[in-house]
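# A structural walkthrough
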Amino acid sequence: QVQLVESGGGLVQTGGSLRLSCAASGSIFSITATRWYRQAPGKQRDLVATITMIGSTSYADSVKGRFTISRDNAKNTVYLEMNSLKPEDTAVYYCNAVLYVGHYWGQGTQVTVSS
């Protein structure tokens, strides 16, 4: 099993920045990729960014050039640096760890961008 704890959400003005953290514990050596998703009220949960076990990254078109996903292996933590935030980035952000078999979710952290 893998436990994920997100942190770093909050309220920020348009154009501001936040850094989300996803700290993993448990069977971390089984993680093949870590993803950030977000879900706005009344909408589906969408994939935002992915970082694989070899460090490859990918992003949703809506956040390319503004968000950066990274990893600190020593801290077993994945980060999502979010810059130039827009009101449409407002959502609950979830960390997702993909294992060889199955996947795990964190509890989510709220990001609110005011206009």
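Predicted model only: the values in this text are computed from it and were never measured.

Here we come to the overall build of the chain. When you go through the chain residue by residue, the secondary structure sums to zero helices and eleven strands. In terms of C-alpha radius of gyration, the chain reaches 13 Å, essentially the compact-globule figure of 13 Å for 115 residues. Taken over 115 residues, the chain has a buried fraction of 40%. Restricting to contacts in the chain with at least 6 residues of sequence separation, those with at least 24 account for 52%. Total accessible area on the chain stands at roughly 6100 Å², and carbon and sulfur atoms take up 51% of it. Looking at charge distribution, the chain has the averaged site of its 10 positive side-chain charges lying 2 Å from that of its 7 negative ones.

Applying the stated criterion to the full structure yields three salt bridges. The partner of Asp89 in a salt bridge is Arg38, and the shortest N-O contact between them spans 2.8 Å. Taken together, the residues Asp89 in the loop between β8 (77-82) and β9 (91-99) and Arg38 in strand β4 (residues 31-39) connect sequence positions 51 residues apart. A residue is classified by how much of its surface remains accessible, and Asp89, at 0% relative accessible area, is buried. The exposure class of Arg38 is buried, given its relative accessible area of 14%. Residue Lys64 pairs with Asp61 through a salt bridge whose shortest N-O separation is 3.2 Å. On the accessibility criterion, Asp61 (65% relative accessible area) is exposed. When salt bridges with common partners are traced through the structure, they connect Arg38, Arg66 and Asp89 into a single cluster.

So, about the sheet that holds strand β7 (residues 67-72). Taken in spatial order, the four strands of this open sheet run β1-β3-β8-β7, and their pairing is antiparallel. Since the sheet does not close on itself, it has two edges, and those belong to β1 (2-7) and β7, each with one partner. Strand after strand, the sheet turns through a mean of 15 degrees between neighbouring axes, direction not considered. Inspection of the sheet shows strand β3 (residues 18-26) paired to β8 by six bridges, in the antiparallel sense. Bridge pairing links Leu20 to Leu80 in β8.

What follows deals with the nonpolar core. Within the largest apolar cluster, 27 residues are counted, with the highest numbers of intra-cluster contacts made by Trp36, Val48, Phe67, Leu80, Met82 and Tyr93. For this core, the element with the highest residue contribution is β9, accounting for five residues. With near-sequence residues (within four places) excluded, Phe67 lies in contact with Arg38, Val48, Tyr59, Leu80, Glu81, Met82, Asn83, Leu85, Asp89 and Tyr93.

The subject of this paragraph is the packing of aromatic side chains. We describe a pair of aromatic rings using the distance from one ring centre to the other and the angle between the two ring planes. Following the criterion strictly, the structure yields two aromatic pairs and no others. Between the aromatic rings of Tyr94 and Trp105, the centroid separation amounts to 6.3 Å while the plane-to-plane angle is 90 degrees, which identifies the pairing as edge-to-face. One end of the pair, Tyr94, is in strand β9; the other, Trp105, is in strand β10 (residues 103-105), and eleven residues separate them in sequence. For Tyr94, a relative accessible area of 14% puts it in the buried group. Site record: aromatic cluster; members linked through ring pairs are Tyr37, Tyr94 and Trp105. Over the aromatic face of Tyr94 sits the side chain of Arg45, whose NZ or CZ is 3.7 Å from the ring centroid. Residue placement shows Arg45 over the ring face of Trp105; its charged tip is 4.6 Å from the ring centre.

Reading the values: rules and limits
- Residues numbered from 1 in each chain as written.
- Predicted model: local features only at pLDDT ≥ 70, side-chain atom pairs only at ≥ 80, totals over all residues.
- Heavy atoms only, no water.
- Helix = DSSP H or I, 4+ residues; strand = E, 2+ residues; numbered from the N terminus.
- Rg over C-alpha atoms; globule rule 2.2 N^0.38 Å.
- Buried < 20%, exposed > 50% of the residue type's maximum accessible area, 1.4 Å probe, protein only.
- Contact = heavy atoms within 4.5 Å.
- Areas by Shrake-Rupley, 256 points an atom, 1.4 Å probe, with all protein chains shown as cover.
- Lys, Arg positive; Asp, Glu negative; His and termini not counted.
- Charge placed at Lys NZ, Arg CZ, Asp CG, Glu CD.
- Salt bridge = Lys/Arg side-chain N within 4 Å of Asp/Glu carboxyl O.
- Pairing = 2+ DSSP bridges.
- Axes fitted to C-alpha atoms, helices over the stretch in contact; angles between N-to-C directions.
- Core = buried A, V, L, I, M, F, W, Y, C linked by side-chain atoms within 4.5 Å.
- Phe/Tyr/Trp six-rings, centres within 6.5 Å; stacked < 30°, edge-to-face > 60°.
- Lys NZ or Arg CZ within 6 Å of the ring centre and 35° of its normal.

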